[in-house]
Amino acid sequence: QVQLVESGGGLVQAGGSLILSCAASGRTFSSYAMGWFRQAQGKEREFVTAISRSGGRTTYIDSVKGRFTISRDNAKNTVYLRMNSLNPPDTAVYYCAAGSDTYPLSLREDAYDYWGQGTQVTVSS
């Protein structure tokens, strides 16, 4: 069992930056690939990025490539999402998730077994 708690969300102006953190409980954090998903109001939840259990592989959706960076610190049981050049369409609740370390990394929600409660990111224009 893994429990995930996100933090770092908030209100930021367009062009600004935020760093989200997701702290995991349990001793098996390094066994899981970690993903970030987001859900804008009135829309379905979508995949944003994922990182392999070692941190050696990452994948991103096209709309965040070059702006967002996922990383992890297995010693701290934490995964991070650095978000630069934020714009209003990035406004959403951001969720971290833990799942199997597949090759390639999965973009599917059903590949992730554990989910955090989400943190709100709001980008004002």
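Data block above holds the structure.
Residues numbered from 1 in each chain as written. Predicted model: local features only at pLDDT ≥ 70, side-chain atom pairs only at ≥ 80, totals over all residues. Heavy atoms only, no water.

(A) Highlighting the nonpolar core. Judged by nonpolar contacts, the single largest core of 38 residues is most densely connected at Leu 4, Met 34, Trp 36, Met 83 and Tyr 94. Those elements giving two or more residues to this core turn out to be strand E3 (18-24), strand E4 (33-39), strand E5 (46-51), strand E7 (68-73), strand E8 (78-83), strand E9 (92-99), strand E10 (112-115) and strand E11 (119-124). For this core, the element with the highest residue contribution is E9, accounting for 5 residues. Non-local contacts of Leu 4, meaning those with residues more than four positions away in its chain, are made with Cys 22, Ala 23, Ala 24, Met 34, Cys 96, Ala 97, Ala 98, Tyr 114, Trp 115, Gly 116 and Gln 117. (Core = buried A, V, L, I, M, F, W, Y, C linked by side-chain atoms within 4.5 Å. Buried < 20%, exposed > 50% of the residue type's maximum accessible area, 1.4 Å probe, protein only. Helix = DSSP H or I, 4+ residues; strand = E, 2+ residues; numbered from the N terminus. Contact = heavy atoms within 4.5 Å.)

(B) Layout of the pattern of salt bridges. Applying the stated criterion to the full structure yields 8 salt bridges. One salt bridge in this structure joins Asp 90 and Arg 38, with 2.9 Å as the shortest N-O distance. With Asp 90 in the loop between E8 and E9 and Arg 38 in strand E4, this residue pair connects regions lying 52 residues apart in the sequence. Taken individually, Asp 90 and Arg 38 each receive the classification buried, so the pair is uniform in this respect. The salt bridge involving Arg 67 is made with Asp 90; its shortest N-O contact spans 2.8 Å. (Salt bridge = Lys/Arg side-chain N within 4 Å of Asp/Glu carboxyl O.)

(C) Representation of the environment of Asp 73. Among the secondary structure elements, Asp 73 is positioned in strand E7. Its relative accessible area of 24% is what places Asp 73 among the partly exposed residues. With residues near it in sequence (within four places) discarded, Asp 73 still touches Phe 29, Thr 78 and Tyr 80.

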